[in-house]
Structures are given as C-alpha cells and as structure tokens.
Amino acid sequence: MNIPRTSYPRIVIIGGGFAGVALAKKLSKQEVQVVLLDKHNYHTFQPLLYQVSTGGLEPDSIAYPIRKILKDFPNFYFRLANVKAVDTKKNKVKTSIGDLKFDYLVIASGSKTNYFGNSEIETHSMAMKTIPQSLNLRSLILENFEDALLTSDLNERNALMNFVIVGGGPTGVELAGALAEIKKGILPKDYPDLDTRLAQIHVVQGGERILPGMSDKASQKAEDFLEKLGVNIWKNVRVTNYDGKTATTDTDLTFETATLIWAAGVKGATIKGLDAGDFITRGNRLIVNEYSQVKGFEHIFAAGDVACMETEDFPNGLPMMAQPAIQQGEQLGHNLLKLIEEKPLKPFTYKDKGSMATIGRNKAVVDLKKWKFQGVFAWYVWMFVHLFFLIGFRNRMVVFINWVYNYVRFDREARLIIRPFKRRSNG
Ligand SMILES: Cc1cc2nc3c(=O)[nH]c(=O)nc-3n(C[C@H](O)[C@H](O)[C@H](O)COP(=O)(O)OP(=O)(O)OC[C@H]3O[C@@H](n4cnc5c(N)ncnc54)[C@H](O)[C@@H]3O)c2cc1C
C-alpha cells in the first residue's frame, strides 16, 4: 500500500463516513499515523440522498473528497480500498489493494440495506444508501415517465407511475414528500401530454405509525402533511415480496408497480473476520463496550452504525444516525490517545440532540429534547441544521443556492437521465 512504517503507532480506520471522519479529525496533528481506507474516495452526506434521487440536488453537492477533508494533517494516509477481511490474530486488514498491519483498528464501515433475507426483493427493488444508488433511482423515476408517455397499455402506464416506498422512517417519509412535490410541480409542466394525476405515491409501513423513532405528535403531523400532498399511507402492512411487477403484502393489498423503493431497514456492514456470532448482536452490529472496544479486544474498536453500544437509555444500542456516529468518533479519538499514553479511558455518553424530518416544501417535524414543533419554522430549522453539518463551504453554498432557486421557481433542475438505469429483466 506504500505506507511507511514510522515510530508512531498506526491506527487504521475502515470507513470515511460520519464516524471515521470525526475520528480522523480528532487524531490530526497527534503523534500517531492514521490510515483511512474507504471504497469511495468521498464522504457521503446520506441525509440528503433523497434530494439527489428526486432531482433537487446534484450528487457532488452532498459528497466531499476524503483527501481534501484531511489534507493538512501530517501522518495521514488515505487509500481507496475495499476492506475484505480482518485478521485479528496477525493484526492485519486484507483489502482489494493488499494487506496492511495495524496497531489499532477502528471499524467505521456504517450499515447496508437489510432485505431480511428476501433475495427477490433485493434483486428487484431500489435502495438509497449510496450516491450511485440514488442516481439509479433518479434515472429510473424519469425513465418511467418517458416510458409511460409511450405506452398505450393503461395498466402498464399506471404501474410506471406507481411508486411504492417500503418503510415509513425518515428516509421513506422524506422521499415520499419530495416525490409528491414533483407530481404537483414538475410533472404537469414536463409532461403536458400525460395525465400525471394518475401518478400514485404509497408509503407502506409495517408498524402502526410512521416516523416511529419520533414523538407521537411528529408522526401524526407528518402523516397529515403527507396526506395533504396526496401520498397514500398504509400502516400495519408488510411487503412480503416483489417480482419487479407486483408487490405482495401480508394483507389482501397488492401493488402493481415498476418502482419499489426499499427503505425498510439497515444492518451493520460488518467485515469478515469480525462477523461471527460472538462479536455480533441484533441488527448485525458489532458489540462494543462504553469505550467502543469490540467485545474481546483492547485494540480493535467500532463506531457509528456498525457498532452496537447499549446504554441505559438505549438498551438496544444507540440509534443508527449521524449524531451518535460523530460523537462516538470524536470520543474514540480522545480515548485512543489516552490508551497510547496508558492513561484511563473515558466512557462514552451520548448527548441526544433530537431528530427531524422534512415533508416537502415548507413542512418539517422537529423533536428536540425539551421542545417539539412542526410546520414552517421546523422546516427552516431542518434546512439550517442540514446546511451546518454538510462538509465544505462550496457544498453548503451550492446546496443553499439550489434550495433557494428550487423554492422560488418551484423547480428541480437536476432531473437528468445522465446514466440510464438498466432495468433488470424479470424473466
Ligand atoms: C437515505 C438516508 C437518510 C438518512 N437521514 C438521516 C438523517 O436525516 N439524520 C441522521 O442523523 N441520520 C440519517 N441517516 C443515517 C446516517 O446517515 C448514518 O447513521 C450515518 O451515516 C452513520 O455514520 P457511519 O460513519 O457509521 O457510516 P457511514 O456514514 O455510512 O460511512 C461508512 C463508510 O464506510 C465505507 N465502507 C463500508 N464498508 C467498507 C469496506 N468494506 N471497505 C472500505 N470502506 C467501506 C463506506 O463507503 C462509507 O464511506 C440517513 C441514512 C440514509 C441512508
């Protein structure tokens, strides 16, 4: 990998997401060598992926080069590599570009879409965890409307304009809101010769309310907002299969649809060598203690979505969200330096800063610890927080300008089929 061995201890970080970047920043300018490995050369701001999928933002405005984030740090190395396995006996990671020894290892590989073992759904549905997946979804949505315009078969046209989102968490809700805005504001202008009123957006939620991680009030308001936008919400319904044409559920309900978006769950993106039963708990996450140490190891750590740290307030592990990942990454940086200096480590405590979701134009729900609010003000707070946490001045400016433009013009300029999505054959 062409990384020199120095007298400094080598800390290898797998993953340049929220946890990995926060940790690497904490270790900058310290007497350690940091090697960050990621299969992408950019950090992805996942909370805005849905805007890429719906043509509201260009992908490069929510991605940032990892090398640039850490360019001024001495003793820092980035390598574009897919980590395949961890050899815990030889203290080595095996990657697509070779092996690398470590003194300390941090697994911050995040999570991946959980299909709960249903390979047919995995094959035919669309996921939205990465920028390439979001671009696929953007292309598919637009290609569907182009196809709908050409077909004379009414059933086929309806299926092409029928969008089924499985999962009523923040991702599903935000995507549904954005699709509803497209239906209202963009489609009639772009496709005057297509009856776009026929376009249907469905959110299918297994539980009894959408946004189950938020307050009852937020769930209720989000449901009201979505219904006003014309979104159909199906609660206590589970999608059981999808063959590329028909989605079946555990009720009598079925959907004929060319687009099923799977936002029903994620699981830890564990790495071979540390994926056996002993290390793993619910959600395929690595069991870590209050210092982020993986069960059974002093020098191997995990942070962010892939780590399951049980606390009194969160007995099933901290939520798989950006804030726990950032806070764990920062705290781990502090503790790694303590460990190297042979000083006592500080246990992690999570400061819950609340959660929020936006539902189309002018509408959002915000749950803070002491204050819960919904509507236009919540929408401003949502925008401010997302701009604040985006990495890079240029990205903030580009996103801000896009949002202002889209708001004033009722537009979404990035509705481009740059890289057509090749539909999988259902034969
Ligand atoms: C669509 C969507 C919307 C979301 N919205 C919100 C929101 O509004 N608010 C919120 O708080 N959270 C939100 N989240 C969740 C939040 O993005 C995650 O909790 C957060 O990204 C977790 O950070 P992380 O550092 O653990 O992992 P990630 O940010 O996912 O980073 C993991 C990194 O590891 C790399 N990687 C993985 N495996 C390997 C490997 N084998 N080799 C090399 N590199 C590897 C990946 O390329 C990636 O860069 C959303 C997530 C999604 C998908």
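Up top is the structure.
A short tour of the structure in this document, coming up. Every chain's residues receive numbers from 1 upward, in the order its sequence appears when written. Reporting of local features is limited, given that this is a predicted model, to residues whose pLDDT is at least 70; pairs of side-chain atoms are given and counted only at 80 or more, and all residues count toward the totals for whole chains, interfaces and linings. Note: side-chain values were computed over all heavy atoms of the structure, leaving out hydrogens and water.

1. Description of the overall build of the chain
Inference 1: Numbering goes from the N terminus for both helices and strands, where a helix is a DSSP run of H or I of at least four residues and a strand is a run of E of at least two. In terms of helices and strands, the chain carries twelve helices and 25 strands.
Inference 2: On C-alpha atoms alone, the chain measures out to a radius of gyration of 22 Å, which is about the 22 Å that the 2.2 N^0.38 rule sets for 427 residues.
Inference 3: Under the scheme applied here, a residue whose accessible area is under 20% of the maximum for its type counts as buried, over 50% as exposed, and between as partly exposed, the area being computed with a 1.4 Å probe on protein chains only. The 427 residues of the chain split such that 53% are buried.
Inference 4: It only takes one pair of heavy atoms within 4.5 Å for two residues to be counted as in contact. For the chain, the proportion of contacts with a sequence separation of at least 24, taken over those separated by at least 6, is 65%.
Inference 5: We score Asp and Glu as negative and Lys and Arg as positive, and we do not count His or the chain ends. By convention, the point assigned to a charge is CZ for Arg, NZ for Lys, CD for Glu and CG for Asp. Considering the chain, the positive charge centre built from 55 side chains and the negative charge centre built from 44 side chains are found 6 Å apart. A radius of gyration in this sense is built from C-alpha atoms; the matching globule rule multiplies 2.2 Å by the number of residues raised to 0.38.

2. Quick word on the packing of helix H1 (residues 18-26) against helix H10 (residues 322-340)
In a pair of packed helices, the angle between the axes and the distance between the axes together describe the arrangement.
Inference 1: Only the stretch in contact is used when fitting a helix axis, every axis being a line fitted to C-alpha atoms; angles between N-to-C directions are given from 0 to 180 degrees. The interhelical angle for the contact between H1 and H10, taken along N-to-C directions, is 30°, at an axis separation of 7 Å. The angle between H1 and H10 falls in the class roughly parallel. Classified by chirality, the crossing of H10 by H1 is right-handed. Here H1 contributes Phe18, Ala19, Ala22, Leu23 and Lys26 to the contact with H10, which in turn contributes Ala322, Ala325, Ile326, Gly329, Glu330, Leu332, Gly333 and Leu336.
Inference 2: In the contact of H1 with H10, the residues fall into nine nonpolar, two polar and two charged. Comment on the angle field: the value is read as roughly parallel under 35 degrees, roughly antiparallel over 145, roughly perpendicular from 65 to 115, and oblique elsewhere. Each crossing gets its handedness from the near helix: less than a right angle anticlockwise from the far helix is left-handed, clockwise is right-handed. The classification used treats Ala, Val, Leu, Ile, Met, Phe, Trp, Tyr, Cys and Pro as nonpolar, Asp, Glu, Lys and Arg as charged, and all other residues, Gly among them, as polar.

3. Notes on the site of the ligand
Inference 1: Note on terminology: near, applied to a residue and a molecule or strand, indicates that one of the residue's heavy atoms is within 4 Å of it. Surveying the vicinity of the ligand reveals 27 residues, the closest of which are Ala19, Asp38, Gln46, Val83 and Asp305.
Inference 2: Here a polar contact is taken to be a pair of N or O atoms separated by no more than 3.5 Å, where protein atoms must pair a possible hydrogen donor with a possible acceptor and residues adjacent in sequence count only if both atoms sit in side chains. Contact between the ligand and Gln46: an oxygen atom at 2.9 Å from a side-chain N or O atom of the residue.
Inference 3: The contact in question runs from an oxygen atom of the ligand to an N or O atom on the backbone of Met320, over 3.2 Å.
Inference 4: Elements with a contribution of two residues or more to the shell around the ligand: H1 and H10.
Inference 5: In the shell around the ligand, the residues fall into twelve nonpolar, eleven polar and four charged.

4. Re the environment of Asn41
Inference 1: Take Asn41: it is sitting in the loop between strand E2 (33-38) and strand E3 (42-44).
Inference 2: According to the relative accessible area criterion, Asn41 is partly exposed, its value standing at 44%.

5. Remarks on the sheet that holds strand E12 (residues 200-205)
Inference 1: What makes two strands pair is DSSP finding at least two bridges between them. Taken together, four strands build an open sheet; the order of strands is E13-E12-E11-E17 and the sheet is parallel. Bordering the open sheet on either side are strand E13 (232-235) and strand E17 (259-262), each of which pairs with just one other strand. Recorded for the sheet is a direction-independent mean angle of 20° between the axes of neighbouring strands.
Inference 2: Sheet topology note: the strand E11 (residues 162-166)/E17 ladder contains four bridges and is parallel. By the bridge assignment, Val164 is partnered in E17 with Leu260.
Inference 3: Taken strand by strand, helix H7 (residues 170-185) contacts E11, E12 and E17, and its axis lies near 170° from that of E12.

6. Describing the side chain of Ser28
Inference 1: Assignment of secondary structure puts Ser28 in the loop between H1 and E2.
Inference 2: Residue Ser28 is classed as buried on the basis of its relative accessible area, which comes to 14%.
Inference 3: In terms of polar contacts, Ser28 uses its side chain to reach the backbone carbonyl oxygen of Lys25, at 2.7 Å.

7. Things to note about a nonpolar patch on the surface
Inference 1: Patch definition: residues above 30% relative accessible area lacking any salt bridge, with like charges linked at up to 9 Å and the nonpolar side chains Val, Leu, Ile, Met, Phe, Trp and Tyr linked at up to 5 Å. Per-residue accessibility takes into account occlusion by the displayed protein chains alone, with areas from the Shrake-Rupley method and a 1.4 Å probe. We define a salt bridge as a side-chain nitrogen of Lys or Arg found within 4 Å of a carboxyl oxygen belonging to Asp or Glu. On the surface, a cluster of nonpolar side chains totalling about 680 Å² of accessible area is made up of Phe393, Met397, Phe400, Ile401, Val404, Tyr407 and Val408.
Inference 2: Residue position: Phe400 is located in helix H12 (residues 393-409).

8. Considerations on the packing of aromatic side chains
Inference 1: To pair, rings of Phe, Tyr and Trp, with the six-membered ring standing in for Trp, must have centres within 6.5 Å; the planes then decide the type, stacked if under 30 degrees apart, edge-to-face if over 60, and tilted in the middle. In this structure the tally under the stated criterion is 15 aromatic pairs.
Inference 2: With 5.7 Å between their ring centres and 35° between their planes, Phe279 and Phe297 make a pair best called tilted. With a gap of 18 residues between them, Phe279 in the loop between strand E18 (266-268) and strand E19 (280-281) and Phe297 in the loop between strand E20 (285-287) and strand E21 (300-302) connect regions that are remote in the sequence. No difference in accessibility class separates Phe279 from Phe297, as the two residues are buried.

9. Some thoughts on H10
Inference 1: The length a helix should cover is 1.5 Å for every residue beyond the first. Taking 1.5 Å as the rise per residue, H10 with 19 residues should run 27 Å; its terminal C-alpha atoms sit 27 Å apart, in good agreement.
Inference 2: Directly beyond the C-terminal end of H10, a positive phi value near 60° is found at Glu342.

10. Overview of the environment of Ala85
Inference 1: Within the fold, Ala85 resides in strand E6 (residues 83-87).
Inference 2: Here Ala85 falls in the buried class, since its relative accessible area comes to 14%.
Inference 3: Put simply, Ala85 and Ile417 are 332 residues apart on the chain and 36 Å apart in space, counted from C-alpha to C-alpha.

11. Concerning the sheet that holds strand E22 (residues 307-308)
Inference 1: What the three strands build is an open sheet, ordered E19-E20-E22; its pairing is mixed. One side of each edge strand has no neighbouring strand; the edge strands of this open sheet are E19 and E22.
Inference 2: Pairing between E20 and E22: two bridges, direction parallel. Each residue of the ladder has a partner; that of Ile287, found in E22, is Cys308.

12. A few points about the pairing of E2
Inference 1: By the criterion of burial, E2 is predominantly enclosed, with six of the six residues buried.
Inference 2: The alternating pattern of E2 places Gln33, Val35 and Leu37 and Val34, Leu36 and Asp38 on opposite faces, both of which are buried.
Inference 3: Of the strand pairs in this sheet, strand E1 (residues 10-14) and E2 are connected by five bridges, and their pairing is parallel. By the bridge assignment for E2, Val12 is matched with Val35.
Inference 4: The parallel pair E1 and E2 is bridged by H1, and the resulting crossover is right-handed.
Inference 5: Looking at chain direction, E2 and strand E5 (residues 76-80) are connected through five bridges and run parallel. Within E5, the position partnered with Val35 by the bridge is Tyr77. If you view a crossover with the strands going away from you and the path from the first strand over the helix to the second runs clockwise, you call it right-handed.

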